[in-house]
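Here's the letter readout for the chains.
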Amino acid sequence: QAQAQAQMHRMQQPAAGPGGLSPGAAAQMAAMHQQAMQQMPPPPVPAEPITPASLAAAPPEQQKQILGERLFPLIHALEPMLAGKITGMLLEMDNGELLNLLESPEALSAKIHEAMSVLQVHQQSADEGAAH
């Protein structure tokens, strides 16, 4: 009877992690996904340059979309893993400042580094909060 109970107990124990994968396989899949994300080429930058006049001609709700579509490939070239998050952060800025970033690679690079610093500080405080 004890043997039967032990066998039943073994059958109830999950042999694999979530989704039926062993922890090693899950980690390997996560690493493969991350590697695939790094190898994805950024979307192409639209050919025609954007001007304050052409931006003003667009409806207000489309202006951020247009700016975001221009900024994302430029940000992706410098920070592929966080391009979406950084683009979203920069889109909080005034449209005039965003046009300046599109025209000045140096200014854009400085803003990207600033955004990375904010993200690192936020991540550290989140990690410390989780450790307590």
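Whatever comes next refers back to the structure up there.
Residues numbered from 1 in each chain as written. Predicted model: local features only at pLDDT ≥ 70, side-chain atom pairs only at ≥ 80, totals over all residues. Heavy atoms only, no water.

## Structural notes on the overall build of the protein
Counting its secondary structure elements, the protein contains 7 helices and 0 strands. Its helices and strands in sequence order give the protein the pattern α-α-α-α-α-α-α, from N to C terminus. Per-residue burial for the protein yields a buried fraction of 20% across its 132 residues. Taking the intrachain contacts of the protein between residues at least 6 apart in sequence as the baseline, contacts between residues at least 24 apart amount to 58%. Of the accessible surface of the protein, which amounts to about 9,400 Å², a share of 59% is contributed by carbon and sulfur atoms. (Helix = DSSP H or I, 4+ residues; strand = E, 2+ residues; numbered from the N terminus. Buried < 20%, exposed > 50% of the residue type's maximum accessible area, 1.4 Å probe, protein only. Contact = heavy atoms within 4.5 Å. Areas by Shrake-Rupley, 256 points an atom, 1.4 Å probe, with all protein chains shown as cover.)

## Re the side chain of Thr87
Tracing the chain through its elements places Thr87 in helix α5 (residues 83–90). Excluding residues that lie within four positions of it along the chain, Thr87 makes contacts with Gly68, Leu71, Phe72 and Ile75.

## Considering the nonpolar core
Formed by 17 residues in total, the largest nonpolar core has its most connected members in Ile75, Ile86, Leu90, Leu98, Leu101 and Leu108. Mapped onto this core, the elements with two or more residues apiece are α4 (60–78), α5, α6 (95–103) and α7 (105–131). If you tally residues by element for this core, the top one is α7, at 5 residues. Excluding residues that lie within four positions of it along the chain, Leu108 makes contacts with Leu71, Leu74, Ile75, Leu90 and Leu101. (Core = buried A, V, L, I, M, F, W, Y, C linked by side-chain atoms within 4.5 Å.)

## A look at the pattern of salt bridges
The tally for this structure, following the rule as stated, stands at 1 salt bridge. Glu114 is paired through a salt bridge with Lys111; the nearest N and O atoms lie 3.5 Å apart. Of this pair, Glu114 and Lys111 both sit in helix α7, 3 residues apart, which is roughly one turn of that helix. (Salt bridge = Lys/Arg side-chain N within 4 Å of Asp/Glu carboxyl O.)

## Quick notes on α4
The first and last C-alpha atoms of α4 sit 28 Å apart over 19 residues, in line with the 27 Å expected at 1.5 Å per residue. The sharpest bend along α4 comes to roughly 30 degrees, located at Leu71, with the proline Pro73 sitting one to four residues further on. For α4, every residue scored as buried is listed here: Gln63, Leu67, Gly68, Arg70, Leu71, Pro73, Ile75 and His76. (Expected span 1.5 Å × (residues − 1). Bend = angle between axes of the 7 residues up to and from the residue.)

## A look at the packing of α4 against α6
With their axes 10 Å apart at the nearest point, α4 and α6 run at an angle of 30 degrees to one another. Taken together, the axes of α4 and α6 are roughly parallel relative to one another. Note on packing geometry: the crossing formed by α4 with α6 is left-handed. Residues Gln63, Lys64, Leu67, Arg70, Leu71 and Leu74 of α4 form the contact with α6, whose own contacting residues are Asn95, Leu98, Leu99, Leu101 and Leu102. The residue makeup of the contact of α4 with α6, split by class, is 7 nonpolar, 2 polar and 2 charged. (Axes fitted to C-alpha atoms, helices over the stretch in contact; angles between N-to-C directions. Parallel < 35°, antiparallel > 145°, perpendicular 65-115°, else oblique. Left-handed = near helix turned anticlockwise from the far one by under 90°. Nonpolar A, V, L, I, M, F, W, Y, C, P; charged D, E, K, R; others polar.)

## Topic: the packing of α4 against α5
Where α4 meets α5, the axes come as close as 9 Å, and the angle between the chain directions of the two elements is 135 degrees. By the criterion of interaxial angle, the relationship of α4 to α5 is oblique. Here the hand of the crossing between α4 and α5 comes out right-handed. Here Gly68, Leu71, Phe72, Ile75 and His76 of α4 lie close against α5, whose contacting residues are Ala83, Gly84, Ile86, Thr87 and Leu90. Within the contact of α4 with α5, the residues separate by chemical class into 6 nonpolar, 4 polar and no charged.

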